[in-house]
Amino acid sequence: MSGRGRGRGRFYKELYGGRGRGGRGGRGGDQGGYTDEDPGPSNGAGGAAKGVQGSVQDLQRALREREGRPYPAYHDVEGAWSFPEFLFVLDRAQSDPYAAPSRCRVQVAAEMAGLPAALWGTRVRRIATCDFLTRAFGAAIASAGADARAQAGGWHGEKGGEMTVDMPGQHVLERTSVVINDQGTVEARFTVALPARGRSILGQWAAQILCQNLPRYVHAGLLHASLDAHALAAHVACVQDTQALRDALPGLGLIAFVGDGAILPRRSGASDAPMPAKEAVPFASPESLAVKVELPNAGRVRGMGVRAGVTLIVGGGFHGKSTLLDALQAGVYNKVLGDGRERVATIASAVKVRAEDGRRVEACDISPFISNLPMGRNTHAFRTDDASGSTSQAAGIQEALELGAAALLLDEDTCATNFMIRDARMQALVAKDKEPITPFIARIRALAAQCTSAVIVMGGSGDYFGVADTVVCMDSFRARDVTAEAHAIDARFGPSPALDDGGGAPYGAVRQRVPVSILPGGPNERVKVHVRQVGLITYGEQQLDLSALAQLAEVSQTRAIAEALLLLRQWISGCNGSAQRWTLAQLLDRLDGAMDEQGLDALTPGVKHGGLARPRRFDIGAALNRLRSLHMEQS
Ligand code: ADP
Ligand code: MG
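The residue count restarts for each chain, going from 1 along the sequence in the order it is written. Following the order in which they are written, the chains are lettered starting with A and the ligands numbered starting with 1. A pLDDT threshold of at least 70 governs which residues receive local features in this predicted model, and a stricter bar of 80 or more applies before side-chain atom pairs are shown or counted, although totals over entire chains, interfaces and linings include all residues. Side-chain numbers come from the whole structure's heavy atoms, not from hydrogens or water.

Caption draft 1: Looking closely at the sheet that holds strand β6 (residues 158–160). Two strands qualify as a pair provided DSSP detects at least 2 bridges between them. Every helix listed is a DSSP run of H or I at least four residues long, and every strand listed is a run of E at least two residues long, numbered separately from the N terminus. Taken in spatial order, the four strands line up as β5-β6-β11-β12 in an open sheet, and their pairing is antiparallel. In this open sheet, the two strands that pair with only one neighbour each are β5 (150–151) and β12 (200–201).

Structure (structure tokens):
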């Protein structure tokens, strides 16, 4: 999605084309989908690499023969089976009816899938097509009711049977649920809870699911001939356009774009779906901020350009300020057609930052904002297991900059007030030498001078008028350009007194940090990771709370971060004591490089995980920054 397409084709070919597709069993998922628990044994089965076990009739016979046998006998059917339209692979059968469900794949050869090469010839189009196929395959399963778990008659009753695809939300992300290789072979990954009565195999039922039902879902969801070709083409064109819009931003001097007609509000605080059109006020750009961009499919579109520099979003309460910022923070991702935000794009390196008291901070230089802490605490390499609102926000900004953020997004609703502003009365009462904080307002021009932009929602204080390049007022959900008025008011009232607080010095480069040790760190020490919901990872004994990461959109991304932590743990432990030590930014570069080259399978060596979506480097970095067992030092 970042447009880094170097050598992709070749890497896909090496990955899938040349050397078979052998996946060794490993981590499974939990009931009804994927998580990262239950690293299980592997039988080494993996489709073409191992050779095909037999035909669909052979699989059917094998399952029926095991009717009533102890549950572990399901392991016998692990491996690849050739069906008329595809190859079915049971990578790992679950060991127990209550364990994480069994991991499966189907591979549909290019001629059978029949996808025109134009749909998967470029990186962005391939991601969009895989996304569409995931939804179509998942819908085929759901419409048959095959995703529902059967559970009758208690422990001795029949249970299991459900088939699960990792279904996407509003975002179109690189994912592992469906992948297409360079030859056009389509691989879909899913789980099946192999059915049981008590702990005995229900082989007849399993044969029904895998040998009779599965072919219907594959036929309906993965073959181009069965799909709505028009909808597929429109989906792919839409995603390509959003990406093209994002790619065009730097050349236009913009960090974001909000198209006319966009529906920014969501259905509810609990739903990412768009607000129904009859209730929502569509976005319209003020003439003075309007920009026109030429897109490959939609042609010329008009919208509001958010220019590099400092942009302030003001307006009365409940007038749509946060909704606009939320759309900008989600603008780093492409959306499905009909989302309402298809023409909203933000540069990929935009990072939402907020206060997060109680979080952990490790060796972070927060001195641009905080100095003279009580008891002489070091703010050049600040460490705490329990940050305050202001110190957590300062750390969040420094960590984002360390990883290359070019735009910071802040909302007064989630900022620490004392970090943002300080007024004349407070200055008069609390002497400067008793106040450790240089507020963000005093530093923002120095950041802008270093090409770090900021978009700030601020309805409660006019102090930022004087430091803003652009001021947008949301008025009953309509945007107005009030820059001239705001600057005139600022001239009348004079600059904010906080600007005297010694913030004028150049901001300087943020110090890079080197992870030096991580616990548990030994190569033989196993760490289990587990993900149940967006933003919550169990890493060994730790609960890693990522709920403050507003741009972490999906549980599948959270799972990918959990897998990334396991990989990074090995890299960090391996680096420890050796001549070369990697900085945090370098580790994430390396991880991004591996994902660019090998896809997300790079995160799970030897395992074809079907429940991962690509996370942003900032969110992986944020997970490391919050991991209490990671020790870092400044380089
Ligand atoms: P603010 O941050 O200015 O206080 P919000 O952005 O939180 O306001 O929006 C307040 C409410 O208005 C939310 O419930 C939101 O869903 C709704 N809303 C926002 N933008 C629109 C719009 N364009 N059309 C209709 N309702 C909107
Ligand atoms: Mg708000």
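Caption draft 2: Fine view of the site of ligand 1. In these notes, residues near a molecule or strand are those with any non-hydrogen atom within 4 Å of it. Surrounding ligand 1, one finds 14 residues, the nearest of these being V281, F318, K321, S322 and T323. Within the contact set of ligand 1, an oxygen atom lies 2.7 Å away from a backbone nitrogen or oxygen of F318. Method for areas: the Shrake-Rupley scheme with a 1.4 Å probe, in which residue coverage is limited to the protein chains shown. Against a free-state accessible area of 560 Å², the protein chains account for coverage of 79% of ligand 1. Note on residue classes: Ala, Val, Leu, Ile, Met, Phe, Trp, Tyr, Cys and Pro are nonpolar, Asp, Glu, Lys and Arg are charged, and everything else, Gly too, is polar. Looking at the shell around ligand 1 residue by residue, the classes come out as six nonpolar, six polar and two charged. For the purposes of these results, a polar contact is taken to be a pair of N or O atoms within 3.5 Å, where, inside protein, one atom must be able to donate a hydrogen and its partner to accept one; residues adjacent in sequence count only when each atom of the pair is a side-chain atom.

Caption draft 3: Structural detail: the UniProt feature "domain: ATPase of the ABC class C-terminal" (unreviewed entry) in the protein. In the numbering adopted here, UniProt assigns the feature "domain: ATPase of the ABC class C-terminal" (unreviewed entry) to residues 230–492. The span residues 230–492 is 28% helical and 26% strand by assignment, and the distance between its end C-alpha atoms comes to 58 Å. UniProt positions are given in the numbering used here, feature names are shortened, and annotations may be inferred rather than shown by experiment.

Caption draft 4: Seen up close, the coordination of the magnesium ion (ligand 2). Each metal's donors are the N, O and S atoms within 2.8 Å of it, or within 3.2 Å when it is Na, K or Ca, and because water is not part of the set, sites may look incomplete. For the magnesium ion (ligand 2), every protein donor is listed as S322 (OG) and D413 (OD), and the spread of their distances is 2.1 to 2.3 Å. Remark: D413 occurs in the loop between β24 (407–411) and α9 (417–420) and S322 occurs in helix α7 (residues 321–330); sequence separation between them is 91 residues.

Caption draft 5: Examining the packing of helix α4 (residues 123–143) against helix α6 (residues 229–248) more closely. At their nearest, the axes of α4 and α6 sit 9 Å apart, and the two run at 135 degrees to each other. Put simply, α4 runs oblique to α6. Of the two possible hands of crossing, α4 and α6 adopt the one that is right-handed. For the pair α4 and α6, contact is made by V124, R125, A128, T129, D131 and F132 and by A231, L232, H235, V236, A237, V239, Q240 and Q243, respectively. Of the residues in the contact of α4 with α6, the class split is eight nonpolar, four polar and two charged. Interaxial angle, 0 to 180 degrees, is taken between N-to-C directions of lines fitted to C-alpha atoms, where a helix line uses only the stretch in contact. To sort the angles, those under 35 degrees are grouped as roughly parallel, those over 145 as roughly antiparallel, those from 65 to 115 as roughly perpendicular, and the leftovers as oblique. Crossings are assigned a handedness: left-handed for a near helix turned anticlockwise from the far helix by less than a right angle, right-handed for a clockwise turn. Two residues form a contact once any of their heavy atoms are found within 4.5 Å.

Caption draft 6: The arrangement of the nonpolar core in detail. Nonpolar core, defined: a set of buried Ala, Val, Leu, Ile, Met, Phe, Trp, Tyr and Cys residues in which side-chain atoms within 4.5 Å join the residues together. Exposure classes here rest on a 1.4 Å probe applied to the protein chains alone. A residue is buried below 20% of its type maximum, exposed above 50%, and partly exposed in between. Within the largest apolar cluster, 85 residues are counted, with the highest numbers of intra-cluster contacts made by F440, I456, Y464 and L591. Here this core gets 10 residues from one element, more than from any other, and that element is helix α13 (residues 555–575). Leaving out residues up to four positions away in the same chain, F440 has contacts with F369, I397, L408, L410, F419, M420, L447, I456 and Y464. One finds V77, L133, C211 and V336 within the second-largest nonpolar core, a separate group that totals 59 residues.

Caption draft 7: The arrangement of the side chain of Q94 in detail. Here Q94 shows up in the loop between β3 (87–92) and β4 (102–108). Not counting chain neighbours up to four residues away, the residues in contact with Q94 comprise Y71, H75, A99, A100, P101, S102, V192, A193 and L194.

Caption draft 8: Quick peek at helix α14 (residues 584–598). Residue count minus one, scaled by 1.5 Å, sets the expected span of a helix. In this model, α14 (15 residues) spans 21 Å end to end at C-alpha, consistent with the 21 Å of a helix rising 1.5 Å per residue. If you check which residues of α14 are buried, you get L584, A585, L587, L588, L591, D592, G593, A594, M595 and D596. Within two residues after α14, G599 carries a phi angle of roughly 75 degrees, on the positive side.

Caption draft 9: Spotlight on the environment of N372. Within the secondary structure, N372 is located in the loop between β22 (361–364) and β23 (382–384). Expressed as a C-alpha distance, the spacing of N372 and E435, which sit 63 residues apart in the sequence, is 7.7 Å.

Caption draft 10: Geometry of the pairing of β4. Taking burial as the measure, the seven residues of β4 include seven buried ones, the bulk of the element. Side chains of β4 alternate between two faces, with S102, C104, V106 and V108 and R103, R105 and Q107 buried alike. Where β3 meets β4, five bridges bridge the pair, whose relative direction is antiparallel. Residue F88 lies in a different strand from β4, and its bridge partner there is V106. By the bridge criterion, seven bridges tie β4 to strand β10 (residues 186–192) in an arrangement that is antiparallel. Paired with V106 across the two strands is A188, which belongs to β10.

Caption draft 11: Focus on helix α2 (residues 56–65). Burial in α2 covers these residues: V56, L59, Q60, A62 and L63. Along α2, the residues classed as buried sweep out an arc of 165 degrees about the axis, all on the same side. For α2, the elements touching its buried residues are β1 (52–55), β2 (79–82), β3 and α5 (203–222). Directions are taken from the helix axis to each C-beta atom, and the arc is the one they span.

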